[in-house]
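Survey of secondary and tertiary structure
Now for the letters of each chain:
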Amino acid sequence: MSDTDRRDSVSDPRVGDTVDAFDAFDEALPAEPRPDPDAYFMRIALAVRSRASCTGRRVGAVIVRESRILSTGYNGTPSKMRNCADGGCHRCAHAEAYPSGEGYDVCICVHAEQNALLAAARFGVAVAGCTMYTTLQPCFGCLKELLQADVREVCYLQPWASRFADVYAGLIDRLGVPNFRRVIVDDPDARWALGRAGAPVTERGLGHEIL
């Protein structure tokens, strides 16, 4: 049915006006291309990140198999505990009191990648052979755990350089260099996600980046 036929078949002229309004609205919408799977899942990881309450870096993660989401996670304190932003983690609330690389035994925040893995385990979802999308390159500890969980591919948005470059590179080699990829999408909230006034991304800011 054409637009003209559609309008003629409507007895109430107000409904015809509504049809015209919708047509005008459709024409005004920007024609955005359909995102490829990498961009689609990374943007979902960004949405997951919006729930993060850590005062350090704010991160979102998504575990995917065969283009289906199995689990998500964002960083923060354990369930039913006071949020990091409300002072729930002493180390995060008093970062100046701890030398770089120390005090992680009293940091109670759980990383986004860990939370995604733990949520899958909690509900009996196997993650072997899956892909992890995360808004920040995984820390040393999380990358080890992803390997141990047999995650086959890691896609990240924001990069950083580890001071344990040789050891970190060994973990990437174990995963497979082609399977450790940066996926770039627009990140309007990147400054907010940095936390702590946008300090440089370091191991200290990331969390348990220790050997």
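With a phi angle near 65°, Ser67 is a residue other than glycine that sits in the positive phi range. Among the structural elements, Ser67 can be located in the loop between β1 (60–65) and β2 (68–74). Unusually for a residue other than glycine, Asp150 sits at a positive phi of about 65°. Among the structural elements, Asp150 can be located in the loop between α6 (140–148) and β4 (153–158). On the basis of relative accessible area, Asp150 is assigned to the partly exposed category, the value being 44%.

Turning to the sheet that holds β4, a few remarks are in order. Spatially, β2-β1-β3-β4-β5 is the arrangement adopted by the five strands of the open sheet, whose pairing is mixed. Strands at the two margins of the open sheet, each flanked by one partner only, are β2 and β5 (180–182). Going across the sheet, the axis of each strand differs from the next one's by a mean of 20°, ignoring polarity. Relative to strand β3 (residues 131–136), β1 runs antiparallel, the two sharing four bridges. Directly across from Ala61, in β3, lies its bridge partner Thr134. Set on the sheet, helix α3 (residues 37–49) makes contact with β1, β2, β3, β4 and β5; between it and β3 the angle comes to about 55°. Packed on one face of the sheet, helix α5 (residues 112–122) meets β1, β2 and β3 and runs near 130° to β2.

Quick look at the nonpolar core now. Core analysis: the biggest nonpolar cluster contains 24 residues, and Ile63, Met132, Leu143, Tyr168 and Phe180 have the highest contact counts within it. Ranked by size, the runner-up nonpolar core spans 13 residues in total, among them Ala39, Phe41, Met42 and Leu46.

Analysis parameters
- Position numbers for residues count from 1 along each chain, tracking the sequence in the order it is written.
- In keeping with the model being predicted, local features are shown solely for residues with a pLDDT of at least 70 and side-chain atom pairs are shown and tallied solely at 80 or more, while totals for entire chains, interfaces and linings include all residues.
- Note that the side-chain values use all heavy atoms of the structure and ignore hydrogens as well as water.
- Here a helix means four or more residues in a row that DSSP labels H or I, a strand means two or more in a row labelled E, and each is numbered from the N terminus.
- The cut-offs for exposure are 20% and 50% of the maximum accessible area for each residue type, with area from a 1.4 Å probe on protein chains only; residues under the lower value are buried, those over the upper are exposed, and the others partly exposed.
- A pair of strands is considered paired only if DSSP assigns at least 2 bridges between the two.
- To define axes, lines are fitted to C-alpha atoms, for helices over the stretch in contact only, and angles between the resulting N-to-C directions are given on a 0 to 180 degree scale.
- In this analysis, two residues are considered to be in contact whenever any of their non-hydrogen atoms come within 4.5 Å of each other.
- Only buried residues count toward a nonpolar core. Its members are Ala, Val, Leu, Ile, Met, Phe, Trp, Tyr and Cys residues joined through side-chain atoms within 4.5 Å.

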